[in-house]
Amino acid sequence: MPQRTLLQAFHWYTPGDGYLWKDIEDKAASWAEMGITDVWLPPIYKGAGGGYSVGYDVYDLFDLGEFDQKGGVATKYGDRAALERAVHALEAKGLGVIYDVVFNHKMGADETERVKVHRVNPDNREEIDPETFEATVHTRFTFPGRQGKHSKFIWDAKCFSGIDHIEDPDEDGVFKLVNDYDDGWNVEVDAEFGNFDYLMGSDIEFRNKAVYEELKYWGRWLLGELPSAGFRLDAVKHIPAWFFRDWIGHMRETAGKDLFVVAEYWLPDLEALGRYLDLVDRQLMLFDVALHYNFHDASKGGPDYDLRQVFDGTLVAAMPEHAVTLVANHDTQPLQSLEAPVEPWFKPLAYALILLREQGVPCVFLPDLYGARYTDKGGDGEDHDIDMPAIDCLPRLIEARQRFGNGPQTDLFDDANSIAFIRHGTAEAPGCVVVLTNAGETAKPVDLGPEMAGVAFRDFLGHRGDEVVLDEAGCASFPVNGGSVSVWVRADAA
Ligand code: CA
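What you see is a predicted model, and the numbers here were worked out from it, not measured in a lab.

Now for the domain arrangement of the protein. As assigned here, the protein comprises domain 1 (6-103 + 210-400), domain 2 (106-207) and domain 3 (407-490). Put simply, the middle of domain 2 and the middle of domain 3, counted by C-alpha atoms, are 56 Å apart.

Here we take up the packing of helix α8 (residues 347-355) against helix α10 (residues 394-404). Helix-helix packing: each pair is described by the crossing angle between the helix axes and the interaxial distance. Two numbers describe how α8 lies on α10: the axes approach to 10 Å, and their chain directions differ by 15°. Taken together, the axes of α8 and α10 lie roughly parallel to each other. Crossing geometry of α8 relative to α10 is assigned as right-handed. Each of Pro-348, Tyr-351, Ala-352, Ile-354 and Leu-355 in α8 lies in contact with α10, whose residues at this interface are Leu-394, Leu-397, Ile-398 and Arg-401. Class assignment for the residues of the contact of α8 with α10 results in eight nonpolar, no polar and one charged.

On to helix α4 (residues 241-255). Look at α4: 21 Å from first C-alpha to last across 15 residues, which is about the 21 Å you get at 1.5 Å a residue. Of the positions making up α4, those classed as buried are Ala-241, Phe-243, Phe-244, Trp-247, Ile-248 and Met-251. All buried residues of α4 lie within an arc of 135° about the axis, which places them on one face of the element. Contact partners of the buried residues in α4: β5 (96-101), α3 (209-225), β12 (230-233), β13 (260-263) and α5 (270-279). In the stretch just after α4, Gly-256 is the one whose phi turns positive, near 70°.

Attention now moves to the sheet that holds strand β8 (residues 124-140). The pairing of strands in a sheet comes from backbone hydrogen bonds and takes either a parallel or an antiparallel form. Here we have six strands laid out as an open sheet, ordered β6-β11-β9-β10-β7-β8, and antiparallel in their pairing. Only two strands of the sheet have a single partner each, and these edge strands are β6 (105-106) and β8. Where strand β9 (residues 160-166) and strand β11 (residues 202-204) come together, two bridges link them in antiparallel fashion. By the bridge assignment, Phe-160 is partnered in β11 with Ile-204.

Before going further, it helps to spend a moment on the sheet that holds strand β1 (residues 6-8). Ordered by their spatial adjacency, eight strands build a closed barrel running β1-β2-β5-β12-β13-β14-β15-β16, and the pairing between neighbours is parallel. On average, each strand axis in the sheet is inclined to that of its neighbour by 25°, with strand direction left out of account.

The subject of this paragraph is the side chain of Ser-161. With respect to the helices and strands, the residue Ser-161 is situated in strand β9. Leave out the neighbours within four places in its chain, and Ser-161 touches Phe-175, Lys-176, Leu-177, Asn-179, Trp-185, Asn-186, Asp-197, Asp-203, Ile-204 and Glu-205.

Time to look at the environment of Ala-241. Examined against the element boundaries, Ala-241 turns out to sit in helix α4. Counting along the chain gives 35 residues from Ala-241 to Tyr-276, while the straight-line C-alpha distance between them is 6.9 Å. What Ala-241 contacts, discounting residues up to four positions off in sequence, is Glu-188, Tyr-276, Leu-279 and Val-280.

So, on to the packing of aromatic side chains. Scanning all chains against the criterion turns up 35 aromatic pairs. Ring centres of Trp-12 and Tyr-56 lie 6.2 Å apart, and the angle between their planes is 10°; on these two criteria the pair is classed as stacked. With Trp-12 in the loop between β1 and α1 (19-34) and Tyr-56 in the loop between β3 (46-47) and β4 (58-60), this pair connects stretches of sequence that are 44 residues apart. Among the residues examined, Trp-12 registers a relative accessible area of 24% and is labelled partly exposed.

With that settled, consider the pairing of strand β18 (residues 383-388). As defined by bridge partners, strand β17 (residues 372-377) adjoins β18 across six bridges and the pair is classed as antiparallel. Bridging across to β18, Asp-376 finds its partner in His-384. The loop that links β17 with its antiparallel partner β18 comprises five residues; one of these, Gly-381, has a positive phi angle of about 80°.

All right, on to the state of the cysteines then. Under the defined criterion, the tally for this structure stands at zero disulfides. The closest cysteine sulfur to the non-disulfide-bonded Cys-393 is located on Cys-432, 14 Å from its own sulfur. What makes Cys-393 buried here is its relative accessible area of 8%. Cys-432 gets classed as buried once you look at its relative accessible area, which sits at 2%.

The next thing to look at is the coordination of the calcium ion. Protein coordination of the calcium ion is provided by Asn-104 (OD1), Asp-197 (O), Asp-197 (OD), Asp-203 (OD), Asp-203 (OD) and His-238 (O), with donor distances spanning 2.3 to 3.0 Å. Metal-centred angles of 47 to 170° between the six donor atoms at the calcium ion mark the site as irregular. Donor residues for the calcium ion sit on one chain with the sequence pattern N-x92-D-x5-D-x34-H. With Asp-203 in strand β11 and His-238 in the loop between β12 and α4, the pair connects residues that are 35 residues apart, well separated along the chain.

What counts as what
Residues numbered from 1 in each chain as written. Predicted model: local features only at pLDDT ≥ 70, side-chain atom pairs only at ≥ 80, totals over all residues. Heavy atoms only, no water. Domains from an automatic or database assignment. Axes fitted to C-alpha atoms, helices over the stretch in contact; angles between N-to-C directions. Helix = DSSP H or I, 4+ residues; strand = E, 2+ residues; numbered from the N terminus. Parallel < 35°, antiparallel > 145°, perpendicular 65-115°, else oblique. Left-handed = near helix turned anticlockwise from the far one by under 90°. Contact = heavy atoms within 4.5 Å. Nonpolar A, V, L, I, M, F, W, Y, C, P; charged D, E, K, R; others polar. Expected span 1.5 Å × (residues − 1). Buried < 20%, exposed > 50% of the residue type's maximum accessible area, 1.4 Å probe, protein only. Arc of directions from axis to C-beta. Pairing = 2+ DSSP bridges. Phe/Tyr/Trp six-rings, centres within 6.5 Å; stacked < 30°, edge-to-face > 60°. Disulfide = S-S within 2.5 Å. Donors = N, O, S within 2.8 Å, 3.2 Å for Na, K, Ca; no water. Tetrahedral: all angles 85-135°; square planar, octahedral: opposite > 155°, others 65-115°.

Below is the structure:
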C-alpha cells in the first residue's frame, strides 16, 4: 500500500473558464505515477460569484455546474460533465477524491426577507444588544435555476444565525437573527471574539433540525453521485463541533468505508486543537498550522533560525495520528487572507520534513509542483505580480516518500544550522538518510551500524553528485549543499 500523500489540486488563482477539471483529467495518470494517493478538489458547487468564484462563497451545494445560476452553468472549474470526467479519471488511476465541504455559511441569496435582528459587538460576540429591530436581510435561497432538482429544500432566515449586512436601516456589522433556537450563538465553536460562530455571509444555524437533516442528505447525495475517498472540512472553528461529530459517522456509515477526513481549524494552538479533537470524538485529522508557521519563520530566518526547533509546538509532534502536514495552501499563498509564505529556498527542506517523516499525512500544494504566476491587489491597495516558482525536486521527494520513507526513524537534531534524520527501512523496503542545512555546505556524521559496512549511498535528489561509502563500522559523513537538502539512499536501490 502506498503511503497516503495528498495533493491540493488548486490554488486561489487557478485559471477559470473550466481549465481545472480538464487539467485534472489530463494529469491524473502522472500524479498516480509520482506517488500521490489522494486529490483534494476545490469546492465543486456553485458559489455566489458564479464562474469567478473560488467556491468558498457557497451559493448552492447541489449545483455542480449543472444549472444556469449566478451567470452561467459551469463553475470556475468547468461544468458537471467535466467534473465527472475528472473524478472518474482520478478513480481509474487509483487516486482518492477528497471533497471540500463548506458548511459554515451561504452567500448570494435569491430574495430578501423582513426579520428581527439584534446588533452584536463584533469584538465580543457574546455582547448581543437585547433590543431587537426589523431589517431586510438577504437570507432566502430558492435556487430558481435548479427548480427543485436533487433537493426541494428552500433556505430562509430560520436557517441562519447571523448576517453582516442589513438594509432599511442600511448597516454593516454583525447581526444576530432572532430565531426559534436560542438568543445566543451556536456553542462548541472557537472562543475568539467571545464566540466565533459568525465568520461571514449568512451564517448557517445548525440547531435548526431541518438544516441539519438537509446537510446530512447532501452528503449522502454526493456519495451516491461521485466517487469519494473523503472530505476536507472548511472553517470548522466556526461550526459547532457536535455537528461534525454526527455528520462524519453518518457519512462513513453511508459510504460503508473509512473515509479520510481532514478539517481546517486554522489556529496554531495545540490546546484548542486538542479540545476540538475531543469534541469530535477524534474522528478526523487537522492541518498542522503551527508547523506551517514554523516553516514560514525558518524560511525568513535563514541561518538565524534554530532548525532543532522546527517541530516545536506542532500538531505532528504532539498528536501525530491527527496531523496533516503542509508547506502552503490557497489561504497562505502571497496576497491571500492568511498570507505567510514559505520562501522558495526553504521549500525543498520543508517538503523533505513532511514527505519523508514517519509522522503525519503530507499535503502537497499544486503551485509548488508546477509554479504559478498571478497579479492581485495587496494590503497596500497596489497591484503585485507574484511568481511562485515550481520546486524542481518536489516530484522526486514524493517518489522518495513511496520508495525510501520506510521503517523506524532516528533524529539527529544536534546542530542549530544542520539536522538529519534516518529512516532505517524494513525487511522489504529500503530507508534513507535525510540531511538539511540553512547555512553553508556541511556534512553530518551518521552511524548506521556495522551490518551496513561498505554500503554506498547516492543523493536521490541529485543535489550532490558524490557517493558516500560507509566504513567498516557503518559510519560516514553525509554532505549537503548550503541552504539545501539531500536524500541519501543506497546506490543499489536508487
Ligand atoms: Ca458559524
